[in-house]
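Structural overview
So the chains spell out like this:
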Amino acid sequence: MCPSQSPTMHASSSSSSSSWLLCYMKLRFFVRIRRFLRSKAAARKRREPSDGFESFDVERTMMKGVDKEVMERESVEDESAALQRSVKKLHFGSWEEKEKAAQDIGKLARDDGKIRKLMAELGVIPVLVAMVDSDVAARRRVAVTALIELANGTFTNKAVMVEAGILSKLPKNIDAVDELTRREMAELLLSLSSLANTQFPLASSEILPFLKGILESASTVETKEPCLGTLYNLSAVLDHAGPLVSGGLVNTLLMLSTSKPLSEKALAIMGHLVVPLMGKKEMENSANVPECLIEILTWEDKPKCQELSAYILMILAHQSSAQREKMCKSGIVPVLLEVALLGSPLAQKRALKLLQWFKDERHANMKPHSGPQTGRIAMGSPLNGRETQEGKKMMKSLVKQSLNKNMEMITRRANPAADASKLKALVVSTSSKSLPY
């Protein structure tokens with residue numbers, strides 16, 4: 001070989017090999033689609049029900065079968081052509097063609113679960129993930145919509161999206177993203193957050209800034225709900241609690257817990273985060289605790305919120321005399337009495353447990369394995385006897401006040417013209433004697 005001819009021949013062989021590689025990839029792609037659609041047509045034909053009777057008109061039966069076969073073939077060919085066109089344009093088309101292809105792929109994935117699984121093999125997901133990073137809002141939105149459909153019910157597709165770097169494509173500045181795109185991205189993250197319950201690694205530190213930004217913004221409730229759903233899935237795994245707490249999520253959740261439409265989801269996440277010591281300390285040091293949680297206990301129209309708030313207060317009060325004293329100063333005892341009388345069965349149980357702890361706080365220290373335990377009071381001491389009598393008088397007074405208030409409210413709702421004072425006196429004279437405190 002002549003040295004002067006070597007570069008030319010080398011370039012020729014290089015372009016030839018790349019064109020052969022491209023042709024091979026395209027051929028493989030079309031063969032996969034054709035196999036998939038043929039198997040789909042065969043399965044549809046097997047599922048076709050029989051008429052249940054024999055037709056005497058042989059010619060009509062034959063024509064009917066031929067027409068049905070032609071229609072099925074045309075349907076399969078249409079789907080095959082649409083799928084081939086969409087995937088080809090997404091890989092090799094212009095930006096406008098990519099946007100249209102992403103819309104078509106989203107529609108195809110929504111209608112057929114097998115197509116959703118096929119898309120991962122055809123290399124569609126990495127291209128759509130790359131489009132999410134686009135500065136063009138419309139292009140970014142169609143890519144996110146298609147990814148939502150592809151992630152529906154498929155673990156593999158979700159894992160491929162995370163591996164393709166979808167979490168790194170989340171917007172850093174929430175204000176630069178419109179409301180619709182925020183909501184769709186939040187829905188996509190909610191779908192991907194199901195990976196948190198598996199062995200697949202999911203970096204909550206990459207997700208938190210985006211979600212926290214939406215929750216602290218003026219976004220709608222519909223946009224914030226999937227964000228809270230994502231955080232609930234992440235907080236259920238103990239390994240994610242540390243990054244969520246250190247990222248300042250607790251104060252955001254406390255703020256949202258006072259909003260009735262979002263309170264239940266926010267409290268449920270706090271119920272996960274209060275279990276680790278790090279999360280418990282963060283809540284104890286918050287200026288809004290326990291006032292906001294005590295306020296939630298007064299929401300009679302939100303029994304689930306009452307139950308979750310009482311649960312968090314129980315964990316905070318457990319083995320912490322400082323927190324119990326803080327709660328008493330914030331006026332928790334009368335509120336707990338109301339919940340113990342009118343709350344749901346679970347809220348009543350938790351309220352009574354807290355009341356027992358506050359009652360026993362005067363007599364004994366909390367032991368390591370449980371809440372405050374009942375201690376023995378030395379008999380014959382004037383000081384102890386006087387304190388006991390004062391405590392009993394205070395508890396009776398609180399019970400009467402709570403019962404009076406509750407009975408007035410009940411009688412107003414049931415029969416405004418009834419004699420409420422007689423009913424009050426009857427309940428106070430009978431019910432208060434049976435209370436354990």
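Model, not experiment: these values are computed from the prediction.

Remarks on empty space enclosed by the protein
Summed over all chains, the structure comprises one cavity of 30 Å³ or more. Volume-wise, the largest cavity comes out at about 40 Å³. Taken together, V132, V144, I166, L170, M185, L188 and L189 make up the full set of residues lining the largest cavity. In terms of residues, the lining of the largest cavity owes the most to one element, helix 8 (residues 179-192), which gives three residues.

Focus on the packing of aromatic side chains
Taken as a whole, this structure holds one aromatic pair when the rule is applied. Its end group placed over the ring of W95, K98 keeps NZ or CZ at 5.9 Å from the ring centre.

Digging into the pattern of salt bridges
Summed over the entire model, instances satisfying the criterion amount to ten salt bridges. Across the salt bridge formed by E99 and R139, the nearest N and O atoms sit 3.1 Å from each other. Here R139 lies in helix 6 (residues 137-151) and E99 lies in helix 3 (residues 95-111), a separation of 40 residues in the sequence. On the basis of relative accessible area, R139 is assigned to the buried category, the value being 12%. Salt-bridge contacts for E179 lead to R182; the nearest nitrogen and oxygen are separated by 3.9 Å. Here E179 pairs with R182, and both are found in helix 8, just three residues apart, close to one helical turn.

Brief notes about the packing of helix 9 (residues 204-215) against helix 10 (residues 221-235)
The geometry of helix 9 relative to helix 10 is characterised by a closest axis approach of 10 Å and an angle of 150 degrees between their N-to-C directions. In terms of orientation, helix 9 lies roughly antiparallel with respect to helix 10. Crossing hand, helix 9 versus helix 10: left-handed. Residues S204, I207, L208, L211, I214 and L215 of helix 9 form the contact with helix 10, whose own contacting residues are T223, K224, C227, L228, T230, L231 and L234. Partitioned by chemical class, the residues of the contact of helix 9 with helix 10 number nine nonpolar, three polar and one charged.

Digging into the packing of helix 8 against helix 10
Following both chains from N to C, one finds helix 8 and helix 10 inclined at 25 degrees, their axes separated by 8 Å at the closest point. Regarding the angle of helix 8 to helix 10, the classification is roughly parallel. Pair helix 8 / helix 10 crosses with left-handed handedness. Only E222, T223, P226, C227, G229, T230 and N233 of helix 10 make contact with helix 8, whose side of the interface consists of E179, R182, R183, A186, E187, L189 and L190. A class-by-class count of the residues in the contact of helix 8 with helix 10 yields five nonpolar, four polar and five charged.

Quick word on helix 5 (residues 124-132)
Among the nine residues of helix 5, seven are classified as buried, and the element is accordingly described as predominantly covered. Those residues of helix 5 that sit buried are V124, I125, V127, L128, V129, M131 and V132.

Section: the environment of S219
Within the fold, S219 resides in the loop between helix 9 and helix 10. Here S219 falls in the buried class, since its relative accessible area comes to 7%. For the pair S219 and D178, spaced 41 residues apart in the sequence, the C-alpha separation amounts to 9.7 Å. Excluding residues within four positions of it along the chain, S219 makes contact with E179, R182, I214 and K224. Engagement of the side chain of S219 in a polar contact is seen with the side chain of R182, the distance being 2.7 Å. A distance of 2.9 Å separates polar atoms of two side chains, one belonging to S219 and the other to S217.

Let's talk about the nonpolar core
Ranked by internal contacts, the top residues of the largest apolar core, which has 100 residues, are I166 and L273. Top element by residues in this core is helix 16 (residues 303-317). It accounts for nine residues. For L273, the residues in contact, after removing those within four places along its chain, are S235, A241, L244, V245, L249, V250, L253, G279, K280 and M283.

Remarks on the confidence of the model for the protein
Per-chain confidence: the protein averages 78 in pLDDT, with 65% of residues scoring 70 or above. Low pLDDT (under 50) marks residues 1-17, which in the prediction has two contacts with non-local residues, meaning those over four places away or in another chain. Counted against residues more than four places away or in other chains, residues 70-74, with its pLDDT under 50, gives three contacts.

Here we look at the environment of D239
Summarising the element assignment, D239 is placed in helix 11 (residues 238-246). Here the alpha-carbon distance between D239 and A196, two residues 43 residues apart in the chain, equals 9.7 Å.

Considering the environment of L238
The topology assignment puts L238 in helix 11. Each C-alpha atom, one on L238 and one on L273, is 8.5 Å from the other, the two residues being 35 residues apart in sequence.

What counts and how
Residues numbered from 1 in each chain as written. Predicted model: local features only at pLDDT ≥ 70, side-chain atom pairs only at ≥ 80, totals over all residues. Heavy atoms only, no water. 1 Å grid on protein atoms, 1.4 Å probe; cavity = no way out; pocket = protein on both sides within 12 Å on 5 of 7 lines; lining within 4 Å. Points joined across faces, edges and corners; volume = space filled by probe spheres on them. Helix = DSSP H or I, 4+ residues; strand = E, 2+ residues; numbered from the N terminus. Phe/Tyr/Trp six-rings, centres within 6.5 Å; stacked < 30°, edge-to-face > 60°. Lys NZ or Arg CZ within 6 Å of the ring centre and 35° of its normal. Salt bridge = Lys/Arg side-chain N within 4 Å of Asp/Glu carboxyl O. Buried < 20%, exposed > 50% of the residue type's maximum accessible area, 1.4 Å probe, protein only. Axes fitted to C-alpha atoms, helices over the stretch in contact; angles between N-to-C directions. Parallel < 35°, antiparallel > 145°, perpendicular 65-115°, else oblique. Left-handed = near helix turned anticlockwise from the far one by under 90°. Contact = heavy atoms within 4.5 Å. Nonpolar A, V, L, I, M, F, W, Y, C, P; charged D, E, K, R; others polar. Polar contact = N/O pair within 3.5 Å; in protein donor to acceptor, adjacent residues only side chain to side chain. Core = buried A, V, L, I, M, F, W, Y, C linked by side-chain atoms within 4.5 Å. pLDDT = per-residue confidence, 0-100.

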